[in-house]
Amino acid sequence: TKITFKLLNGGSQEVDACDGQSFMRVAVDNDVPGVTGECGGEVSCATCHMYLSPEVSSGIGDPSDEELDLMEIMDSFVPDRSRLGCQLVVQSELDGVEVEVAPTL
Ligand code: FES
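Here the structure is a predicted model, which is why all the values come from computation and not from measurement.

S.K.: Explain the overall build of the chain to me, please; I cannot follow it from the model alone.
M.R.: In terms of helices and strands, the chain carries three helices and five strands. Seen in sequence order, the chain has helices and strands lined up from the N terminus as β-β-α-β-α-α-β-β. Taken over the C-alpha trace, the chain has a radius of gyration of 12 Å; the compact-globule value for 105 residues is 13 Å, and the two agree within 12%. By its C-alpha atoms, the chain is 30 × 25 × 25 Å across when sized along the principal axes. Taking contacts inside the chain between residues at least 6 apart in sequence as the whole, the part at least 24 apart equals 68%.

Laid out in structure tokens, this is it:
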């Protein structure tokens, strides 16, 4: 499943991801700059913050309360677009999706 990460510096990076992995894991394994996944997916660091288009985000399902609580304290939080990459699972229906690396503060 191909995913394109839009980078904070304006560039982009396309990666080939395995279904079932989280977007955070895919980004970290491919050295996508700006995604560090410091807590390892425990929903406590937000260093996997990403923006999706509202259509893609709603298609994936709503963020959990835990995910929302952590994102809402960041200045960079954008309702309907912000997601934590560690909570998003790659699936074949998402082939070709674009996701923007977001600031972590
Ligand atoms: Fe820490 Fe996602 S990796 S919140």
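S.K.: Got a minute to help me understand the nonpolar core in this structure?
M.R.: As a rule of thumb, nonpolar side chains are buried together in soluble globular proteins. Grouped together as the largest cluster of nonpolar side chains are 26 residues, with contacts concentrated most on Phe23, Ala27 and Met50. Contributions of two or more residues to this core are made by strand S1 (2–6), helix H1 (23–29), strand S3 (49–51), helix H3 (65–72) and strand S5 (97–101). Of all the elements, H1 adds the most residues to this core, at five residues. When neighbours within four sequence positions are excluded, methionine 50 is seen to be in contact with Phe23, Arg83, Gly85, Val99, Glu100, Val101 and Ala102.

Cut-offs applied
Residues numbered from 1 in each chain as written. Predicted model: local features only at pLDDT ≥ 70, side-chain atom pairs only at ≥ 80, totals over all residues. Helix = DSSP H or I, 4+ residues; strand = E, 2+ residues; numbered from the N terminus. Rg over C-alpha atoms; globule rule 2.2 N^0.38 Å. Contact = placed C-beta atoms within 7 Å. Core = buried A, V, L, I, M, F, W, Y, C linked by C-beta atoms within 7 Å. Buried ≥ 20, exposed ≤ 12 C-beta atoms within 10 Å, placed from the backbone.

Interpretation note: all reported values are geometric properties and have no functional meaning in isolation.
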